Amino acid sequence: MREFTADRVILATVSAVPSLRLSAFALTALYLCLPAPASAQLPYAVNGAALADASGEAIYANSCANCHGLDGTGFEPSLLAFEEEIPDFTDCDFAAREPDGDWIAVAHEGGPVRGFSEMMPAFRGALTVEQLERVMGYIRSLCTDDNWPRGELNLPRPLLTEKAYPEDEWVVEARVDLEGDGAAMGAYVYERRYGPRSQIEVVIPYGWVGAHTDSDGYDHNHDGVAGEGGGHGLGDVVLGVKHALYHSASSGTIFSLGGEVFIATGDEEAGLGAPGNKLEAYASFGQILPNDAFIQAQGGVEAPLYEDASNEVFGRFVLGATFTEGEWGRAWTPMVEVQARQHLESGAETHFDLVPQVQVALNTRQHVLGNIGVLLPVGGGANEPARPMRLVAYVLLDWFDGGFFEGW
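Presented here is a report on the structure given in the accompanying data block. Because the structure is a prediction, the values reported are computed rather than measured.

1. Section: the environment of Asn363
Relative to the helices and strands, Asn363 resides in the loop between strand 12 (350-361) and strand 13 (368-378). Sequence separation between Asn363 and Gly407 is 44 residues; the distance between their C-alpha atoms is 6.5 Å. Once residues within four sequence positions are removed from consideration, Asn363 is found in contact with Arg330, Val368, Glu406, Gly407 and Trp408. Only 3.0 Å separates the side chain of Asn363 from the backbone nitrogen of Gln366, close enough to count as a polar contact. A polar contact is formed between the side chain of Asn363 and the backbone oxygen of Glu406, at a distance of 3.2 Å.

2. Brief notes about unusual backbone geometry
If you check the backbone angles, Asn291 has positive phi at about 60° while not being a glycine. Position of Asn291 relative to the elements: it lies in the loop between strand 7 (278-289) and strand 8 (293-304). One non-glycine residue with positive phi stands out, namely Gln366, at about 65°.

3. Digging into the state of the cysteines
In the structure shown here, the tally under the stated rule is one disulfide. Two residues, Cys92 and Cys143, share a disulfide whose sulfurs are 2.1 Å apart. Measuring the twist about the S-S bond at about 115°, one finds the Cys92-Cys143 disulfide to be right-handed. Residue Cys92 is located in helix 5 (residues 92-95), and its partner Cys143 is located in the loop between helix 7 (129-141) and strand 1 (169-177); the two are separated by 51 residues in the primary sequence. Among the residues examined, Cys143 registers a relative accessible area of 13% and is labelled buried. With no disulfide partner, Cys64 has as its closest neighbouring cysteine sulfur the one in Cys67, 9.1 Å distant. Of the residues examined, Cys64 reaches a relative accessible area of 15% and is grouped as buried.

4. Notes on the side chain of Gln287
Within the secondary structure layout, Gln287 lies in strand 7. A polar contact is formed between the side chain of Gln287 and the side chain of Thr253, at a distance of 2.5 Å. In contact with Gln287, other than residues within four places in its own chain, are Leu155, Ser251, Gly252, Thr253, Phe294 and Ile295.

5. Some remarks on the nonpolar core
The biggest cluster of nonpolar side chains holds 22 residues, and the ones touching the most others in it are Ile59, Tyr60, Phe89, Trp103, Val135 and Ile139. Elements that contribute at least two residues to this core include exactly helix 3 (56-63), helix 6 (100-109) and helix 7. Counting residues per element, this core draws most heavily on helix 7, which supplies five residues. Aside from chain neighbours lying at most four places away, what touches Tyr60 is Ala65, His68, Gly69, Leu70, Gly72, Phe89, Val135, Tyr138 and Ile139. Listed in part, the 15 residues of the second largest apolar core include Leu159, Val171, Ala187 and Ala361.

6. A short note on the packing of helix 6 against helix 7
Look at helix 6 against helix 7: their axes get within 10 Å of each other, and the N-to-C directions meet at 125°. It follows from the interaxial angle that helix 6 and helix 7 lie oblique. Helix 6 and helix 7 meet at a crossing whose hand is right-handed. In contact with Asp100, Trp103, Ile104, Ala107 and His108 of helix 6, helix 7 contributes Val129, Leu132, Glu133, Met136, Ile139 and Arg140. Taken together, the residues of the contact of helix 6 with helix 7 break down into seven nonpolar, one polar and three charged.

7. Overview of helix 7
Here helix 7 spans 19 Å end to end across 13 residues, near enough to the 18 Å set by a 1.5 Å rise per residue. Looking only at helix 7, the buried set comprises Gln131, Leu132, Val135, Met136, Tyr138, Ile139 and Arg140. Buried residues in helix 7 make contact with helix 3, helix 5 and helix 6.

8. Describing a nonpolar patch on the surface
On the surface, Phe317, Leu319, Val336, Val338, Phe352, Leu354 and Val378 cluster together into a nonpolar patch covering about 550 Å² of accessible area. Those elements giving two or more residues to the nonpolar patch turn out to be strand 9 (312-321), strand 11 (331-343) and strand 12. A relative accessible area of 41% means that Val378 is categorised as partly exposed.

9. Things to note about the packing of aromatic side chains
Applying the stated rule across the entire model yields ten aromatic pairs. Centre to centre, the rings of Phe94 and Trp103 are 5.7 Å apart; their planes meet at 55°, and the pair counts as tilted. Residue classification places Phe94 among the partly exposed residues on the basis of a relative accessible area of 29%. By relative accessible area, Trp103 is classed as buried at 14%. Centre to centre, the rings of Trp170 and Tyr188 are 6.3 Å apart; their planes meet at 35°, and the pair counts as tilted. Taken as a pair, Trp170 in strand 1 and Tyr188 in strand 2 (residues 184-194) lie far apart in primary sequence, 18 residues in all. Aromatic rings pair up to connect Tyr60, Phe89, Phe94, Trp103 and Tyr138 into one cluster. Positioned above the aromatic ring of Tyr394 is the side chain of Arg157, whose terminal nitrogen or guanidinium carbon lies 5.2 Å from the ring centre. In this arrangement the basic side chain of Lys278 is found over the ring face of Phe262, its NZ or CZ atom lying 5.0 Å from the centre.

Quick notes on the rules
Residues numbered from 1 in each chain as written. Predicted model: local features only at pLDDT ≥ 70, side-chain atom pairs only at ≥ 80, totals over all residues. Heavy atoms only, no water. Helix = DSSP H or I, 4+ residues; strand = E, 2+ residues; numbered from the N terminus. Contact = heavy atoms within 4.5 Å. Polar contact = N/O pair within 3.5 Å; in protein donor to acceptor, adjacent residues only side chain to side chain. Disulfide = S-S within 2.5 Å. Buried < 20%, exposed > 50% of the residue type's maximum accessible area, 1.4 Å probe, protein only. Core = buried A, V, L, I, M, F, W, Y, C linked by side-chain atoms within 4.5 Å. Axes fitted to C-alpha atoms, helices over the stretch in contact; angles between N-to-C directions. Parallel < 35°, antiparallel > 145°, perpendicular 65-115°, else oblique. Left-handed = near helix turned anticlockwise from the far one by under 90°. Nonpolar A, V, L, I, M, F, W, Y, C, P; charged D, E, K, R; others polar. Expected span 1.5 Å × (residues − 1). Patch = residues over 30% accessible without salt bridge, like charges linked within 9 Å, V, L, I, M, F, W, Y side chains within 5 Å. Areas by Shrake-Rupley, 256 points an atom, 1.4 Å probe, with all protein chains shown as cover. Salt bridge = Lys/Arg side-chain N within 4 Å of Asp/Glu carboxyl O. Phe/Tyr/Trp six-rings, centres within 6.5 Å; stacked < 30°, edge-to-face > 60°. Lys NZ or Arg CZ within 6 Å of the ring centre and 35° of its normal.

From the geometry alone we can't say anything about function, so treat these as descriptive.
Next up, the structure:
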């Protein structure tokens, strides 16, 4: 049970008695002027300069605890005279998701730098970035469950490669052939995290294909299957699961295993689905590199559950780096992705694709992202039809951080 010290009782009394009510800003100022509880054993009204050599815990207690509490659980909004809920730093489901850089940006510049409330003040001029990094080290210690992968390992999402990090997202994908009949495929992807390391995924595709369209299979990449009739309609629905087997914030490494079931809901004759169901198993890997660079990789096998079809192996590799506008601004992430696919049958050709792309944060909170690139087929067998060049894009919402129209 949360302990009510004398200073909180004063605030509750002032808030409850109509004749003593103050404005939100005045009440907050009153609270910030009250000394910390005696149990904190910390000096009153210590400024940033006096905390130059202090520990992260001491800086937190003197600069953050008035709102966030000495234990990190946060005070009730009614005691702080504003409506915003105070986050619980001991809740690993909340605290582990965001990278240190986002936390430090909000603390240094204030809530509006990420589309949050002005009630989160800016500490620039009072605390240095280095002091805030020490505070983050202490805040990280309040989540005591090491099963939760850190937000730094949530690397930018490529157009083809499945990330290793478990996520709460929805994604709207689109793919348009730039050659031939101009087939277009789209998909709605819903991803939900369960527990520290696991995720489920549902993919609902829809496509428009011309007569005699030749494509390479509507799999996890949401491509059409060869068909003669043409038309539009639902593609093959995908159900998936992913689990992070290993993650390390200190080494910047994450590794996951996953699997998917492709359900033959699309019209095969129209080129919108496969003749039957199929399974896919894969492994995904992510590694942080110096200077905000990273690599990601995925490899796996697809196994059709219908006759006259061979298994197929695939591999994908991504190299990218993130840049920001100024120190705290919009994030841009150019990436280069390579894909290889080959059927496990005698004489089968290996298909390669090169996919240059760029992801950009679309809003201030940076939880709505867009990515656009071009899929460029490389090589191919002499006896096989040419594969079309494609424009590929998505819009992504990290819905744990808020709704689509929040944080702009």
